Amino acid sequence: MSKVEHLDNIIERFGPHLHDAPDGGWQSDRVIDKVVPTHCPYCGVQCGMNLLVEKGKLVGFEPRYDFPVNEGRLCPKGVTAYLQTHHPDRLEYPLIKRNGVFERATWDEALDLVVSKFKEIQAQHGKNALGVYSGSSLTTEKTYLMGKFARVGLGTKYIDYNGRLCMVSAGAGNYKAFGIDRAANPWSDIPLAEVLIIAGANCAETFPVMNKFLWQQRDNGGVWIVIDPRETPTARQGDLHLQLKPGTDVAVANGMLHVIVKENLIDEEFIKSRTNDWELTKAAVEKYTPQAASEISGVPAEKIVQAGLLYGRAKTGMILHARGIEHHTNGVDNVLSYINIVLATGKIGAPGKGYGTITGQGNGQGGREMGQKADQLPGQRSMFNADDRKYICGVWDLPEEELPEAGVSIVEMFGKMRTGEIRGLLSICNNVMVSLPDTNAVRETLEGLDFYVCIDFFMSESARYADVVLPGSAWSEDEGVTASAEGRVIKINKANEPPGEAKVDWWIINEIARRMGRGKYFPFNSPREIFDEMRLASKGGKADYYGITYEKIEANNGIFWMCPTLDHPGTPRLFEEKFYLPDGKAKFHAVEYTGANEKPDEEYPLILTTGRVVYQYLSGNQTRRIGFLVQQCPEPYVEIHPETAMKLKINDGERVKVRSRRGEGIFPALVVRTIRPDTIFIPYHWGEQLAANQLTNPALDPTSKIPEFKACAARIEKIHSRELRILGKNRKGASLSEVQRGK
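Residues numbered from 1 in each chain as written. Predicted model: local features only at pLDDT ≥ 70, side-chain atom pairs only at ≥ 80, totals over all residues. Heavy atoms only, no water.

K.L.:
For this particular structure, what's the right way to read helix H17 (residues 410–419)?
P.N.:
For the α-helix, the turn length of 3.6 residues means that residues three or four positions removed from each other point alike. Listed as buried for H17 are Ile410, Val411, Met413, Phe414 and Met417. Axial view of H17: buried residues confined to an arc of 155 degrees, hence all on one face. Count one or two residues on from H17 and you reach Gly420, which has phi positive near 90 degrees. (Buried < 20%, exposed > 50% of the residue type's maximum accessible area, 1.4 Å probe, protein only. Helix = DSSP H or I, 4+ residues; strand = E, 2+ residues; numbered from the N terminus. Arc of directions from axis to C-beta.)

Structural data, given as structure tokens:
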């Protein structure tokens, strides 16, 4: 059991502290020893960049113009990414918590304690008493290693990854409709589309460099239809904005498809030759007239008609979506409802015709391909398929009876921690105290564990609860591959060594496995050796990497999987000839509107939705330490429509209390006309008392098991307190969890 004690001391020692300069400060006379071509560690765009190294230290970056996705462009996070590597908050040696205080330890002390506790827990409670929670900002080699480590190194079935909180609704929808989980098109297809539907994706802020392709499409005379509850910067740039109530995407998409059917804009030949179950879907959307869809969603009926006609009449078109439609208890249905439009119009499998989810994490695509998901084996193989299990056991030289069964999602794992079925946890590359819903319950769960080990390169809000913290590596300190949002496998190159006594992540996992007596299954001495085994493990799977090598990636600025042989060029565009369900056809799904799990009522009359801002990234564990980024967005806020603010007598900048059925938080009010009067918005990048996820609903989509981050019932209360400052016009100020070093 490990509670967070002496929080002020932890923050003073480990941050977040603000930092704005490279190692040694700003200097004009540096002599650069090495220029390392690599990619940004943040979102799924995976922009190319060159890292500048002086005397072994990462001191800057230069634009990388040869990579075709960004052609030298970077967003505010990308240009400051290198500042995290030699940040004063970096963890440089193992830590063991004794009497509530983190004390420095040797690697032998820390690893011996970890292994002894793991063995003790499993001896008393069984193999499955340990859980592993991994992440998708790791290289694909590491994600492969984590899946193997949990099932072979520890023998537990309980492993999942933080993509469960991001892309799994899209993945589940893709599997149901297409039989495979990957974006259908390279982004170079976007400018070829006459019409783009952008649903639940604020590309201008969350994928800024991707906007290059959107604007090329606009320059070619293209049209944008943006579907979002907020008038985001993306929506303001669009031609048609459908400002729906959060959670009503199925009604809007079914309404659009209703129009397409009534106007006979379907592709009958495509439907007949390449799909199944159209008649069921056609019948299902019959009742979703534009007026009926409008009554559910709040979108004017004439706009639904206009959207259906624009997309239906276009010769080419693409649908792109992100978390806005996926973070719902009906997230998979939302995804399928948009896929139905793609299939009904035959707009897929050709230049300018396609569909794709925009992955949020840097390796969001690769992280869901190689076996760290609860129900997945490498190559997008299934834990439930006997042939898949047999093949992987052959690659691993593991007796089949030793391979555990499938586990459960991370939210369900936390439920099992609360009941005592899971007693110990190892986590890497995640921050549950910011990212999971209902963080008050998450806190109690972490405090109730028998033993918790966290591998990280900063002391996150979650690591504060750990019994042992092992210092791992930042992205520039190791090599490996990631798969971008396009499905392009690219190479991360090592620029510098981890600081102090910190180790690369794969070494730590290998060493724990070795000390657990499972070293023969983990003989790796480099990422390349892990990659080569991973290639073999993926061979013949849906995500087939067998024909990809490091050298091939570097020579071609990335290779799109699937790539089954060494002489294969890769597959930039899927579905040109077939889909990947057993009969080679795609499948329609007749989906009905069900709405959010929690709907507004008299006590909680507003809909709370959450999301990202351009200056922060995911849980903020990296970006909330970079001074420039914090200056631009120092703390979360709550967006409120002027009508709602007037009713509640709330002024712009005034601090207000936001309540849900799970918790409450105090945030400055941002009174804007860009949000619906029945909806409020809070960005989620902060922890502790600033966490938006104190409020969010842990209810899960029944298929993808993703929590409903994007819609819960809430209310706002006015606070009368002179102790709470008003931000004023400049909206500047330090967050309560961010202090200057030494202040």
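K.L.:
Would you mind showing me how to read the sheet that holds strand S19 (residues 480–483) here?
P.N.:
Note on sheets: strands pair through backbone hydrogen bonds, and any given pair is parallel or antiparallel. Strand order in the open sheet made by the three strands is S19-S20-S21, with antiparallel pairing throughout. Each edge of the sheet is formed by a strand with only one pairing partner; in this case those strands are S19 and strand S21 (559–560). Relative to S21, strand S20 (residues 488–492) runs antiparallel, the two being bridged by two bridges. Paired with Val489 across the bridge in S21 is Ile559. (Pairing = 2+ DSSP bridges.)

K.L.:
Looking at this model, I keep getting lost on the packing of helix H3 (residues 107–125) against helix H20 (residues 505–518). Mind explaining?
P.N.:
In helix packing, the relevant descriptors are the interaxial angle and the interaxial distance, both defined with respect to the helix axes. Running from N to C, H3 and H20 point in directions that differ by 55 degrees, and their axes come no closer than 10 Å. Classified by the interaxial angle, the pair formed by H3 and H20 is oblique. For the element pair H3 and H20, the recorded crossing hand is right-handed. Two secondary-structure elements touch here, H3 through Trp107, Asp108, Leu111, Asp112, Val114, Val115, Phe118, Lys119 and Gln122 and H20 through Trp507, Ile508, Glu511, Ile512, Arg515 and Met516. (Axes fitted to C-alpha atoms, helices over the stretch in contact; angles between N-to-C directions. Parallel < 35°, antiparallel > 145°, perpendicular 65-115°, else oblique. Left-handed = near helix turned anticlockwise from the far one by under 90°. Contact = heavy atoms within 4.5 Å.)

K.L.:
Looking at this model, I keep getting lost on the sheet that holds strand S12 (residues 317–321). Mind explaining?
P.N.:
Pairing within the open sheet is parallel, and its five strands lie in the order S10-S9-S8-S12-S13. Of all strands in the sheet, those bounded by a partner on one side alone are strand S10 (240–242) and strand S13 (353–357). Here the average twist between neighbouring strands, direction ignored, is 10 degrees. Pairing analysis gives five bridges linking strand S8 (residues 195–199) to strand S9 (residues 223–227), with the strands arranged parallel. In the sheet register, Val195 faces S9, and the bridge partner there is Val223.

K.L.:
Just checking my understanding: could you explain the confidence of the model for the chain for this structure?
P.N.:
Across the chain, the average pLDDT comes to 94, with 97% of residues at 70 or higher. The model gives residues 726–743 a pLDDT under 50, and that stretch makes 47 contacts with residues more than four places away or in other chains. (pLDDT = per-residue confidence, 0-100.)

K.L.:
Where do I start with unusual backbone geometry in this structure?
P.N.:
Glycine aside, the phi torsion of most residues is negative, and most peptide linkages are trans. Note the cis peptide between Gly15 and Pro16, where omega equals 15 degrees. Looking at where Pro16 falls in the secondary structure, it is placed in the loop between helix H1 (7–14) and strand S1 (34–39). In this model, Gln46 sits at a positive phi of 55 degrees, which is unusual for a non-glycine residue. Assignment of secondary structure puts Gln46 in the loop between S1 and strand S2 (48–54). The buried category is assigned to Gln46, whose relative accessible area is 2%. Even without a glycine there, the phi angle at Asn557 is positive, about 55 degrees. Summarising the element assignment, Asn557 is placed in the loop between helix H22 (550–556) and S21.

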